[in-house]
Amino acid sequence: MAQIIITIEDIPAATADKKLKLVKFAGQLDESNVDEKAKGIYDLINATPQGLFLIFDFEKLEYMNSKSIGYLTDWYTKLSEKKGGIVIANARANILDILQVVGLTQLIKCVPTIEEAKASIN
Amino acid sequence: MEENSKEPVKITIILPTNAYFMSGIRDFTLSMIRNMTHFSEQWAYRFQSVVDELCNNAIEFGSAPGKEITVTFINHPDESIEITVEDTGTGKSKVTAENLKKLVAERSQPSYSFKDIRGRGLAKIVAAWTDELEFTDRKEGGIKVRIKKYLNQPLQPVSGSVQSDPTHVVLTI
């Protein structure tokens, strides 16, 4: 079974109407673990009424399958409806490649560093 | 094994209908493409995704728990890689090869809007990263999906989202 560790930490936001969280992924997101792990992200989204921005740090994410991409799209849609969003940072070449082929890079901003992700939100 | 042999090399893996085993199959795919073919590193990762998506579909829809799926890799040296994934037809979906072909054609359209978490694997990943994608009904029951990717054929743009990348690298010593 593939291993994935997801850690979440708060980041100071520039304005009071925004809440920022850094979500770090380490390992592989696949069919064997994604449904279970997705629940934690939904809990995060549901717990914040408005203006939640998630920075997904993909530096240590080795693999993601199409269902993970489906969840990513759904999280983005739900956050956008509540004036929030997702920015992806530090993604490896193979992860960017698969995000690009499904067209997700046209929807979700992908930047090389956490600092650029913060700047794009603030 | 003769290193310069041009004979196709066929490797078949039979695994239980359980996604638990897929990380091992992905590792094998990456290693096999790197060590046995001249496809680039980028393509090694792409085949990893292609195999994973095909197997996930077979596990979720094609073969019942307790049954099996069969993955076959055929390396045609310096020409192509061919991969087949077969299920037993005992799973929850009774779709035919023709239905599956139509489904992929529909979902591959740039205007198609995905409403569900699932459904992108075959249409957006497997179809985009292969030169041939074929579905056939097995006479024993179930579906066989066969993909082929040629070494020297550049990737064709799909849905305006994929750049033309080389399929291989040439090292000059």
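Further up the page is the structure itself.
The sections below set out a description of the structure shown in this document.

## Considerations on the interface of chain B and chain A
- The interface of chain B with chain A comprises 24 residues on the first partner and 23 residues on the second.
- Summed over both partners, the interface of chain B with chain A buries about 2,100 Å², with 53% contributed by carbon and sulfur atoms.
- Linking chain B with chain A are 3 salt bridges.
- Among the ionic pairs, R26(B) bridges to D30(A), the shortest N-O distance being 2.9 Å.
- Take the side of chain B that touches chain A: its biggest share by element is 9 residues, from helix α2 (residues 41-62) of chain B.
- Class assignment for the residues of the side of chain B that touches chain A results in 8 nonpolar, 8 polar and 8 charged.

## Quick look at α2(B)
- Between the first and last C-alpha of α2(B) there are 31 Å, a value that for 22 residues agrees with the 32 Å anticipated at 1.5 Å per step.
- Of all 22 residues in α2(B), 16 are buried; the element is thus mostly enclosed.

## Let's talk about the nonpolar core
- Core analysis: the largest hydrophobic core is formed by 69 residues, its most contacted members being F56(A), M64(A), L72(A), W75(A) and I86(A).
- No other element matches α2(B), which puts 9 residues into this core.
- In this structure, V87(A), A89(A), I114(A) and A117(A) belong to the second largest nonpolar core, which totals 11 residues.

## A closer look at the packing of helix α1 (residues 34-47) of chain A against helix α2 (residues 66-81) of chain A
Residue and element names in this part refer to chain A.
- Where α1 meets α2, the closest approach of the two axes is 11 Å, and the angle between their N-to-C directions is 10°. In terms of axis orientation, α1 runs roughly parallel to α2. Judged by residue contacts, V34, D35, A38, I41, Y42 and I45 of α1 engage K67, S68, Y71, D74, W75, K78 and L79 from α2.
- Looking at the contact of α1 with α2 residue by residue, the class counts come to 8 nonpolar, 1 polar and 4 charged.

## Observations regarding the environment of T48(A)
Residue and element names in this part refer to chain A.
- Take T48: it is sitting in the loop between α1 and β3 (52-64).
- Separated by 31 residues in sequence, T48 and L79 have C-alpha atoms that sit 9.4 Å apart.
- Setting aside its immediate chain neighbours within four residues, T48 contacts K19 and K82.
- Here the side chain of T48 touches L44 through a polar contact of 3.4 Å, landing on its backbone oxygen.

## Quick notes on unusual backbone geometry
- Here the phi dihedral of N90(A) falls at roughly 65°; this positive angle occurs in a residue that is not glycine.
- You can see N90(A) is positioned in the loop between β4 (85-89) and α3 (93-101).
- For N90(A), a relative accessible area of 22% puts it in the partly exposed group.
- A positive phi angle, close to 60°, is found at D78(B), a residue other than glycine.

## Focus on the sheet that holds strand β3 (residues 80-86) of chain B
Residues and elements named next belong to chain B.
- With antiparallel pairing, the 5 strands of this open sheet are ordered in space as β1-β2-β3-β5-β4. Unpaired on one side and paired on the other, β1 (9-16) and β4 (132-137) mark the two borders of the sheet. The average undirected angle you get between the axes of adjacent strands in this sheet is 15°.
- Judged from the 6 bridges that link them, β4 and strand β5 (residues 143-150) form a sheet pairing that is antiparallel. Among the inter-strand pairings, L133 is bridged to a residue of β5, identified as I147.
- Here helix α1 (residues 22-36) sits on the sheet and contacts β1, β2 (68-76) and β3; the angle it forms with β1, its principal contact strand, is near 170°.
- Contacts between helix α3 (residues 97-107) and the sheet are confined to β4 and β5, with β4 contributing the most and set at about 150° to the helix.

Rules behind the numbers
- Residues numbered from 1 in each chain as written.
- Chains lettered and ligands numbered in written order.
- Predicted model: local features only at pLDDT ≥ 70, side-chain atom pairs only at ≥ 80, totals over all residues.
- Heavy atoms only, no water.
- Contact = heavy atoms within 4.5 Å.
- Buried area = accessible area lost by both parts, 1.4 Å probe.
- Salt bridge = Lys/Arg side-chain N within 4 Å of Asp/Glu carboxyl O.
- Helix = DSSP H or I, 4+ residues; strand = E, 2+ residues; numbered from the N terminus.
- Nonpolar A, V, L, I, M, F, W, Y, C, P; charged D, E, K, R; others polar.
- Expected span 1.5 Å × (residues − 1).
- Buried < 20%, exposed > 50% of the residue type's maximum accessible area, 1.4 Å probe, protein only.
- Core = buried A, V, L, I, M, F, W, Y, C linked by side-chain atoms within 4.5 Å.
- Axes fitted to C-alpha atoms, helices over the stretch in contact; angles between N-to-C directions.
- Parallel < 35°, antiparallel > 145°, perpendicular 65-115°, else oblique.
- Polar contact = N/O pair within 3.5 Å; in protein donor to acceptor, adjacent residues only side chain to side chain.
- Pairing = 2+ DSSP bridges.

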